[in-house]
Amino acid sequence: RNHTHMSQIKVLFVCMGNICRSPTAEGVFNKLLEDRRLSDRFSIDSAGTHAYHVGNSPDGRASQTAKQRGVDLYSLRARQVNVDDFEHFDHILAMDTDNASILRADCPAEHQHKIKLFLDFAPEQDERNVPDPYYGGQNGFDHVFDLVEVASDGFLDAVL
């Protein structure tokens, strides 16, 4: 497997705290890759712009929502974006415009092109932002999952 390592497409999903939206995106995209037998072509991770939850598991509601849809988030742990991420990853996919702005403010000029809004890969959706479900009910988590699924499909089609 090592010989493919250099050619892997490296993707980082980013939200604010890395416990709801971005781990959901990581899990959904992982499952999509497994289903299409493309896992070895990609290296993926998720992170948050803020350090609120570093080391924590994803929000229980996010994990439960994902589990009901066949996606396992239980092994994931929150971390904060660091400066090396801008160099390491090929695509840095922000869940909303706020977090994209934070990323752009920290990102060296030569890596700015890597930062994209995740929902730009779901043009048929009205929304540009994956809304933060943290303070809402189950509907919010279901909605996040739906948006992330559509954008994951769109992103995979765009990069392959």
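Check the entry above for the structure.
Given the structure is predicted, the values throughout are model-derived calculations rather than measurements. (Residues numbered from 1 in each chain as written. Predicted model: local features only at pLDDT ≥ 70, side-chain atom pairs only at ≥ 80, totals over all residues. Heavy atoms only, no water.)

A. Just the nonpolar core, in detail. Ranked by size, the top nonpolar core spans 35 residues in total, and within it Val11, Phe13, Phe29, Phe42 and Phe118 carry the most contacts. Put simply, the parts of the chain that give this core at least two residues each are β1 (9–15), α1 (21–35), β2 (42–48), α2 (60–68) and α5 (138–159). Considering every element that reaches this core, the biggest residue donor is α5, with eight residues. Sequence-distant contacts of phenylalanine 13, defined by excluding residues within four places in its chain, comprise Ser22, Ala25, Glu26, Phe29, Ile44, Asp45, Ser46, Ala47, Leu93, Met95 and Phe118. Counting 13 residues, the second largest nonpolar core, distinct from the first, contains Leu12, Val14, Ala47 and Phe89. (Core = buried A, V, L, I, M, F, W, Y, C linked by side-chain atoms within 4.5 Å. Buried < 20%, exposed > 50% of the residue type's maximum accessible area, 1.4 Å probe, protein only. Helix = DSSP H or I, 4+ residues; strand = E, 2+ residues; numbered from the N terminus. Contact = heavy atoms within 4.5 Å.)

B. Looking closely at the packing of α1 against α5. Contact geometry for α1 and α5: axes closest at 9 Å, N-to-C directions at 50 degrees. Classified by the interaxial angle, the pair formed by α1 and α5 is oblique. The element α1 and its partner α5 pack so that their crossing is right-handed. Between α1 and α5, the contacting residues are Arg21, Thr24, Ala25, Val28, Phe29, Leu32 and Leu33 on the first element and Val144, Phe145, Val148, Glu149, Ser152, Asp153, Phe155 and Leu156 on the second. (Axes fitted to C-alpha atoms, helices over the stretch in contact; angles between N-to-C directions. Parallel < 35°, antiparallel > 145°, perpendicular 65-115°, else oblique. Left-handed = near helix turned anticlockwise from the far one by under 90°.)

C. Structural detail: the sheet that holds β1. Sheet architecture is open: four strands sit in the order β2-β1-β3-β4, paired in parallel fashion. Strands at the two margins of the open sheet, each flanked by one partner only, are β2 and β4 (115–117). In this sheet, neighbouring strand axes are inclined to one another by 25 degrees on average, regardless of whether the strands run parallel or antiparallel. Note that β1 and strand β3 (residues 91–94) share four bridges and pair parallel. Bridging across to β3, valine 14 finds its partner in alanine 94. Contacts from α1 reach β1 and β2 within the one sheet, and its direction differs from that of β2 by about 170 degrees. In this fold α5 packs onto β1, β2 and β3, with an angle of close to 160 degrees to the strand it touches most, β3. (Pairing = 2+ DSSP bridges.)

D. Representation of the packing of aromatic side chains within the structure. Scanning all chains against the criterion turns up six aromatic pairs. Geometrically, the ring pair formed by phenylalanine 121 and phenylalanine 155 is edge-to-face, given 5.0 Å between the ring centres and 80 degrees between the ring planes. One end of the pair, phenylalanine 121, is in the loop between β4 and α5; the other, phenylalanine 155, is in helix α5, and 34 residues separate them in sequence. Of the two residues, phenylalanine 121 and phenylalanine 155, neither departs from the other in class, the shared state being buried. Centre to centre, the rings of tyrosine 134 and tyrosine 135 are 4.9 Å apart; their planes meet at 85 degrees, and the pair counts as edge-to-face. Here a set of aromatic residues connected by ring pairs shows up, and it is made of Phe13, Phe29, Phe42, Phe118, Phe121 and Phe155. The positively charged end of arginine 61 is found above the aromatic ring belonging to tyrosine 134, 5.4 Å away from the centroid. (Phe/Tyr/Trp six-rings, centres within 6.5 Å; stacked < 30°, edge-to-face > 60°. Lys NZ or Arg CZ within 6 Å of the ring centre and 35° of its normal.)

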